[in-house]
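Chain by chain, the residues run as shown.
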Amino acid sequence: MNALTSRAFLAPIIAVLVFLCLWELLVWANNWPNYVMASPSDLPPAYAKYWELFIVMGWQTLWRTVVGLILAVIVGVLIGMVMGFSRIMRDALYPLLVGFNAIPKATVVPIVALLFVGQHDFNTVLIAFMISFFPIAVSVSIGLSTLEPEYRDILRALGASNMTIFRKIALPKTLPEFFGALKVAVTLAFIGTNLMEIVSPHGRGLGALFDSGKTNSDYPLMFAVLIALAFLGIVLYYIVVWLERTFAGWADRQV
Amino acid sequence: MALIEIKGVTHAYKTASGPLPVLNDLNISVPEGGFTAVVGPSGCGKSTLTRLIAGLMKPDTGTVMLHGKPVTGPRATVGMAFQNPVLLEWRTILQNVLLPLEIVQTKLTRAEQQDRARHLLSLVGLSGFEDKRPSELSGGMRQRASLCRALIHQPEVLILDEPFGALDAFTREDLWQTMHKVKEKEPFTGVLITHDLRESIFLADQVVVLSGRPATTQYVLDVQAEGPRDLDHLYTAKSADQLATLRHQIAVAQGRASEGDAA
Ligand SMILES: Nc1ncnc2c1ncn2[C@@H]1O[C@H](COP(=O)(O)OP(=O)(O)OP(=O)(O)O)[C@@H](O)[C@H]1O
Ligand SMILES: [Mg+2]
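Cut-off values and rules
- Residues numbered from 1 in each chain as written.
- Chains lettered and ligands numbered in written order.
- Predicted model: local features only at pLDDT ≥ 70, side-chain atom pairs only at ≥ 80, totals over all residues.
- Heavy atoms only, no water.
- Pairing = 2+ DSSP bridges.
- Helix = DSSP H or I, 4+ residues; strand = E, 2+ residues; numbered from the N terminus.
- Axes fitted to C-alpha atoms, helices over the stretch in contact; angles between N-to-C directions.
- 1 Å grid on protein atoms, 1.4 Å probe; cavity = no way out; pocket = protein on both sides within 12 Å on 5 of 7 lines; lining within 4 Å.
- Points joined across faces, edges and corners; volume = space filled by probe spheres on them.
- Nonpolar A, V, L, I, M, F, W, Y, C, P; charged D, E, K, R; others polar.
- Buried < 20%, exposed > 50% of the residue type's maximum accessible area, 1.4 Å probe, protein only.
- Lys, Arg positive; Asp, Glu negative; His and termini not counted.
- Salt bridge = Lys/Arg side-chain N within 4 Å of Asp/Glu carboxyl O.
- Contact = heavy atoms within 4.5 Å.
- Expected span 1.5 Å × (residues − 1).
- Polar contact = N/O pair within 3.5 Å; in protein donor to acceptor, adjacent residues only side chain to side chain.
- Near = heavy atom within 4 Å.
- Areas by Shrake-Rupley, 256 points an atom, 1.4 Å probe, with all protein chains shown as cover.
- Domains from an automatic or database assignment.
- Buried area = accessible area lost by both parts, 1.4 Å probe.

Section: the sheet that holds strand S8 (residues 189-193) of chain B
Residue and element names in this part refer to chain B.
- With mixed pairing, 6 strands are arranged side by side in an open sheet as S6-S7-S8-S3-S9-S10. Across the chains shown, the open sheet's two edge strands, defined by having one partner strand only, are strand S6 (78-82) and strand S10 (217-222). Taking the axes of each pair of neighbouring strands and ignoring which way they run, one obtains an average angle of 15° across the sheet.
- Two elements, strand S9 (residues 206-210) and S10, share 5 bridges in a ladder whose sense is antiparallel. Each bridged residue has a counterpart across the sheet, and for Leu210 the counterpart in S10 is Thr217.

Below is the structure:
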């Protein structure tokens, strides 16, 4: 491991440790009891006590978020393609999309929960999807519609079909924007999953664990859930970063 | 018979504020192996003309003919290069040059395609840069690569839309020489859009001056030179005369002088 990569690993770890110390210090200095704010030292016991629940619930949160994200990618890319290639569709769909995105998803959660009563997995995936497809659709549509006409013309002048132009030029050229949007979408999808898990009764997932911590006044548990969520979010985010390096690394001029 | 024959071409763009006439009764004829430069005021419709020749658009009236047959759509016998080299950043230079062969039918094997691409790259002085990415090349080098891409499928017609417009004077003159070398080794019939009058008489054998929008053929200059020439060519008395004539014609096209004024 050379100096650069060790710095890339060490720097964030040190930052996290400093953050935890400051947190511990803050709680200790103010002499806050657990029901005001738990401190980092309260967390290991919480994890030790509920580790089985954390694994089961964490997995539930994770897979539903990922399925929601995959749906968001598929639908978002399709909508983005339609809007990117057709001016009319862009004009027609934009207000609709913006309006839809402006609705706070917290208000949609109870509606969806009532609409599909009992289908907990489906509801959760649906909310994760709804909250995260927008940036993907917008980025793909902008990427495609701002493609300089010359890029299209070099292939079109040779008689290439629109599909070929899309595959060989438009799609790869949009990848950097797409991954930028996917990073935003990952965190949004987590928020969506957890909204549903917290709100719907008899829930599953880390959101439900948080809710049970609340009802039982187990404050360290609540904070432990938050940290677990942050951890999962970071993991997913870096998976996207890795995909970006693999498929759109050429866009990174720093290397 | 001329290879490219543009007859009575009139074209207007449909815009939000009504039709915008761009070309009006345009006539240009380029013989096989000829090299025609087109100059004219900015925005007069030169790029529009290249799109019509390439078959990317159809004129409202009039015809564009290649080998006496009307152009009805894109055809694989055309190569294009623009002011913007539009290289694909995720491909190496060699892969960029090979791109047209992924669209156009070719009898060449993979190895032969690569050999041809390498040969073209060495012709324009890019040997050793085959595996570099476009972002690692200078503007002039990118433009050279873009030229190779336009030529890889041995097009009959090469359309160049201000390919040297964004380059500094030295690089540009260097590329002019390269153009002559390339045309000798890889014969084509060329149409060059430019706003550099020296470039037009240095590279072309015929210069067409377009009037302001809507553009019509205002003046045609026979350069009276063919094939490679060196930079001294630009400093002969004949060239000075031709440049003065062209400058005057541009002034007329811009409405700054009238046809009757002395050049
Ligand atoms: N797709 C289009 N839709 C509407 N108007 C267009 C379109 N393309 C070009 N025009 C207009 O047609 C006119 C001619 O454009 P064109 O690009 O052919 O000019 P040009 O001679 O190449 O200009 P320049 O020297 O600046 O490159 C311009 O006024 C331009 O605004
Ligand atoms: Mg132009």
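With respect to empty space enclosed by the protein
All names here are of chain B.
- Applying the stated rule across the entire model yields 3 cavities of 30 Å³ or more.
- Considering only enclosed or pocket space, the largest cavity measures out at about 80 Å³ in volume.
- Only S6 and helix H4 (139-151) provide two or more residues apiece to the lining of the largest cavity.
- A per-element tally of the lining of the largest cavity places S6 first, with 3 residues.
- A class-by-class count of the residues in the lining of the largest cavity yields 7 nonpolar, 2 polar and 1 charged.

Some remarks on the side chain of A:Arg90
All names here are of chain A.
- Along the polypeptide, Arg90 turns up in helix H3 (residues 87-102).
- Among buried charged residues, Arg90 stands out as having no salt bridge; its nearest opposite-charge side chain is Asp91, 5.5 Å away.
- In this structure, Arg90 is in contact with Met83, Gly84 and Ser145, ignoring residues within four places of it in sequence.

Focus: helix H5 (residues 169-185) of chain B
Residues and elements named next belong to chain B.
- With 17 residues, H5 ought to run about 24 Å at 1.5 Å a step, and its terminal C-alpha atoms sit 25 Å apart, in line with that.
- When H5 is considered as a whole, its buried residues turn out to be Arg172, Glu173, Leu175, Trp176, Thr178, Met179, His180, Val182 and Lys183.
- On its buried face, H5 sits against strand S3 (35-39), helix H3 (110-123), H4, strand S7 (157-161) and helix H6 (197-203).
- Where H5 begins, the side chain of Asp168 points an oxygen toward the backbone nitrogen of Phe170, at a separation of 3.2 Å.

Description of the side chain of B:Asn96
All names here are of chain B.
- When you line up the elements, Asn96 lands in helix H2 (residues 93-98).
- Taking the relative accessible area as the measure of exposure, Asn96 reaches 1% and is therefore buried.
- Those residues in contact with Asn96 that sit more than four places away from it in its chain are Leu87, Leu88, Arg91, Pro134 and Arg149.

Looking at the site of ligand 1
Residues and elements named next belong to chain B.
- Taken together, 13 residues surround ligand 1, and among them Gly43, Lys46, Ser47, Thr48 and Arg213 come closest.
- Contacts to ligand 1 include Lys46, whose side-chain N or O atom sits 2.7 Å from an oxygen atom.
- At 2.7 Å, a side-chain N or O of Ser47 approaches an oxygen atom of ligand 1.
- In isolation ligand 1 has 630 Å² of accessible area, and contact with the protein removes 62% of it.
- Going through the elements one at a time, strand S1 (4-15), strand S2 (18-30) and helix H1 (46-53) are the ones with two or more residues in the shell around ligand 1.
- Element by element, the count of residues in the shell around ligand 1 is highest for H1, at 3 residues.
- Per-class residue counts for the shell around ligand 1 are 4 nonpolar, 6 polar and 3 charged.

Considerations on the domain arrangement of chain B
All names here are of chain B.
- The domains assigned to chain B are domain 1 (1-36 + 56-72) and domain 2 (74-190).
- Computed from C-alpha atoms alone, the centre-to-centre distance between domain 1 and domain 2 is 25 Å.
- Each partner contributes to the interface: domain 1 provides 13 residues, whereas domain 2 provides 11 residues.
- Counting each side, the surface lost to burial between domain 1 and domain 2 is near 990 Å², with a carbon and sulfur contribution of 64%.
- When the buried area of domain 1 at its contact with domain 2 is split by residue, Phe35, Leu56 and Leu66 rank highest and sum to 45% of it.
- At the junction of domain 1 with domain 2, the criterion picks out 5 residue pairs in polar contact (both at pLDDT 80 or more).

Quick look at the environment of B:Pro155
- Within the fold, B:Pro155 resides in the loop between H4 and S7.
- Once residues lying within four places of it in the same chain are set aside, the contact partners of B:Pro155 are B:Thr77, B:Val78, B:Gly79, B:Ala150, B:Pro187 and B:Phe188.

Considerations on the domain arrangement of chain A
Residues and elements named next belong to chain A.
- Annotation of chain A at the domain level lists domain 1 (1-31) and domain 2 (39-251).
- The straight-line distance from the C-alpha centre of domain 1 to that of domain 2 is 28 Å.
- Counting from both sides, the interface comprises 4 residues of domain 1 and, opposite them, 6 residues of domain 2.
- Summing both sides of the interface, domain 1 and domain 2 together bury roughly 460 Å²; the carbon and sulfur share of this comes to 77%.
- Joining domain 1 to domain 2, the criterion identifies 0 salt bridges.
- Inspection of the region where domain 1 meets domain 2 yields 2 residue pairs in polar contact (both at pLDDT 80 or more).

Side note on the sheet that holds S1(B)
Residue and element names in this part refer to chain B.
- The strand order across the open sheet built from 4 strands is S2-S1-S4-S5, with neighbouring strands paired in antiparallel fashion. Each of the sheet's edge strands pairs with one partner strand only, and the pair in question is S2 and strand S5 (69-70).
- Judged from the 9 bridges that link them, S1 and S2 form a sheet pairing that is antiparallel. Bridge assignment links Ile4 to a residue of S2, and that residue is Val30.

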